[in-house]
Amino acid sequence: MPTPESAPAAPRDDVHPTSHETIVVLDFGAQYAMLIARRVREANVYCELLPWDVDPQRARALTPRGVILSGGPASVYEPGAPHIPDWVWELEVPVLGICYGMQALARQLGGAVALSAVREYGPATVEHDGTSPLFHGLPRRLEVWMSHGDKVSGLPPGFRPVAQSEGSPVAAMEGPGGRYGLQFHPEVAHTPLGRELLRNFLYEVCGLRGDWTPGSFIDETVSAVRARVGEAGVVCALSGGVDSAVTAALIHRAVADRLVCVFVDNGLLRRGEREEVEQAFRRHMGIPLVAVDAAARFLDGLRGITDPERKRKVIGETFIRVFEETVAPMRGVEFLAQGTTYPDVVESAGVHGNATAVIKSHHNVGGLPERMHLKLVEPLRTLFKDEVRRVGLALGLPEDMVFRHPFPGPGLAVRVLGEASPERVEVAREADAIVMEEVRAAGLYGALWQTFAVLTNARSVGVMGDYRTYGHVIAVRAVTAEDAMTADWARLPHETLARIAQRIVNEVPGVNRVVYDITSKPPSTIEWE
Ligand code: XMP
């Protein structure tokens with residue numbers, strides 16, 4: 001990240017609403033903790049994901065109406081194992097423990113946990129006894145996903161089992177004061193009725209009303225942005241992606257023409273992208289937009305560079321310089337609006353303890369606000385991607401823009417393996433446009449998280465007419481995902497793949513072979529670089 005070391009951190013904003021009914025999800029190190037938080041939000045309840053050892057004052061300040069304890073890899077009797085902090089009991093609100101969370105609940109309230117070296121992993125059927133509000137309206141037998149070693153062997157005083165499975169006599173428990181435990185994972189897709197179960201916890205047990213909606217978010221955020229920004233000007237860098245577009249639309253609603261959007265054409269964009277952004281903002285939304293053509297500067301800077309992280313660095317630094325030069329003559333600009341979203345915030349806070357494990361430096365323009373002495377406004381800091389999209393639609397952004405596939409900041413440069421010369425970028429752009437057209441024509445665009453073409457640095461022998469060719473190899477990538485942390489390769493129909501391959505070889509000069517990437521993330525990543 002090109003963050004200048006001497007610069008002090010830019011002041012963060014505080015423009016997100018806190019007046020909502022709030023649930024705290026306490027993270028015990030689970031793989032799925034973020035997913036629990038998303039499910040709660042999907043049920044129109046605001047929630048925050050906090051580490052189990054969070055500063056109690058921070059947790060209390062949210063006045064939570066309920067607490068959900070996540071799973072985790074530890075065993076409750078291990079020395080130093082995460083435990084439920086005192087503030088949770090002091091709140092006197094309902095508590096739902098999932099997997100490790102249930103075991104911690106049992107242990108700390110006087111029950112017992114049986115240790116096991118063998119994991120119960122995979123689908124299971126649980127049967128509930130029809131008496132618990134947690135299972136309200138659900139069929140007696142449900143398919144669920146189990147993933148645990150240890151399990152509750154002795155219930156705490158006052159608790160009773162309310163569901164069982166073949167492997168877990170206490171698949172769910174209920175205790176006084178709205179305290180519940182689930183041995184299985186309601187948050188994953190493999191527990192098809194898991195959303196209803198979580199809804200029951202929120203609505204039937206915690207008695208919430210569900211006041212977290214795009215409309216309420218917009219109204220409150222607009223007032224908060226106005227209060228923070230006052231009469232100052234705001235600048236927002238548009239990338240063409242949904243996060244910056246929604247940020248701009250929200251800020252525009254708050255401060256109208258005191259917002260200026262800057263769109264930098266870095267020469268690494270997809271075909272037609274600049275025109276689409278101009279069309280959507282200037283014409284459709286009536287938001288002032290400064291488009292800067294800096295393609296030559298970026299492509300010059302990339303000459304001879306093959307290392308992916310080096311490319312990112314050059315692009316990030318060039319962006320900062322171009323942006324600075326563009327904004328410098330503007331008067332009264334004091335704020336920079338950024339499309340930071342909740343997963344970025346959680347990841348950089350290191351809830352999962354892996355904040356330092358940088359696989360790819362995604363935040364290509366870190367350091368920008370400090371350098372430019374701008375204060376930050378980040379109105380989407382509390383939102384997941386699907387919430388950003390709902391807010392975008394509610395603000396009237398065109399659907400095409402709201403449901404756009406994510407596109408990396410360094411653009412086609414990380415989709416051209418090796419040197420991103422202008423000619424090679426053009427090959428990737430043409431191939432990408434064909435992939436996109438065919439995927440759209442097949443009606444598959446909406447079902448995919450991302451799809452694109454990669455120009456590999458392999459050369460392959462082919463034959464065209466009577467001639468031997470020695471040409472480029474294009475790799476096609478299409479993935480499904482709920483977020484970019486994991487992804488599965490998409491089972492595109494063979495006919496679509498065939499059309500893509502045929503068109504790329506026929507229409508993109510110099511390409512004589514197309515391959516399809518059939519790896520998931522992990523162990524691969526979505527982008528090739
Ligand atoms: P990976 O390749 O790490 O990508 O599985 C996860 C998501 O992040 C996008 N991505 C980037 N976005 N700057 C960005 O703004 C980057 O340098 C960058 N690298 C990857 C990628 O497209 C996917 O959505």
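Conventions used here
Residues numbered from 1 in each chain as written. Predicted model: local features only at pLDDT ≥ 70, side-chain atom pairs only at ≥ 80, totals over all residues. Heavy atoms only, no water. Core = buried A, V, L, I, M, F, W, Y, C linked by side-chain atoms within 4.5 Å. Buried < 20%, exposed > 50% of the residue type's maximum accessible area, 1.4 Å probe, protein only. Helix = DSSP H or I, 4+ residues; strand = E, 2+ residues; numbered from the N terminus. Domains from an automatic or database assignment. Contact = heavy atoms within 4.5 Å. Pairing = 2+ DSSP bridges. Axes fitted to C-alpha atoms, helices over the stretch in contact; angles between N-to-C directions. pLDDT = per-residue confidence, 0-100. Salt bridge = Lys/Arg side-chain N within 4 Å of Asp/Glu carboxyl O.

This part takes up the nonpolar core. By size, the foremost hydrophobic cluster in this structure holds 52 residues, and its most contacted members are Val235, Phe323, Ile474 and Ile504. It is helix H15 (residues 422–441) that provides the largest number of residues to this core, a total of 8 residues. Residue assignment places this core across two domains, with domain 2 (214–402) and domain 3 (421–516) each supplying three or more. Contacts of Ile504, omitting those with residues within four sequence positions, involve Ala431, Ile434, Val435, Ile474, Val476, Val511 and Val514.

Quick look at the sheet that holds strand E4 (residues 95–98) now. Spatially, E2-E1-E3-E4-E11-E10-E9-E6-E7 is the arrangement adopted by the 9 strands of the open sheet, whose pairing is mixed. Edge positions in the sheet fall to strand E2 (46–51) and strand E7 (141–148), since each has one partner strand and no second. Neighbour to neighbour, the strand axes of the sheet diverge by 25 degrees on average, direction disregarded. Across 8 bridges, strand E6 (residues 120–128) lies against E7 in antiparallel orientation. Within E7, the position partnered with Val126 by the bridge is Leu142. Packed onto the sheet, helix H4 (residues 100–108) meets strand E3 (64–69), E4, E7, strand E10 (172–175) and strand E11 (179–182) and runs at close to 120 degrees relative to E4.

With 94% of its residues at a pLDDT of at least 70, the protein chain reaches an overall mean of 91. For the stretch residues 1–13, pLDDT sits under 50, and the model shows 33 contacts to residues farther than four places along the chain or on other chains. Considering only residues more than four positions removed or in separate chains, one finds that residues 351–357, a stretch of pLDDT under 50, has 11 contacts.

Turning to the pattern of salt bridges, a few remarks are in order. Using the criterion set out here, one finds 36 salt bridges in the structure. We note a salt bridge from Arg141 to Glu127, for which the minimum N-O separation is 3.4 Å. Of this pair, Arg141 sits in strand E7 while Glu127 sits in strand E6, and the two are 14 residues apart along the sequence. On the basis of relative accessible area, Glu127 is assigned to the partly exposed category, the value being 38%. The partner of Glu278 in a salt bridge is Arg274, and the shortest N-O contact between them spans 3.5 Å. Here the residue Glu278 and the residue Arg274 both occupy positions in helix H8 (residues 273–285), the gap between them amounting to 4 residues, near one helical turn. Among the charged side chains, a network of salt bridges with common partners joins Arg271, Glu430, Glu437, Glu438, Arg499, Arg503 and Glu507.

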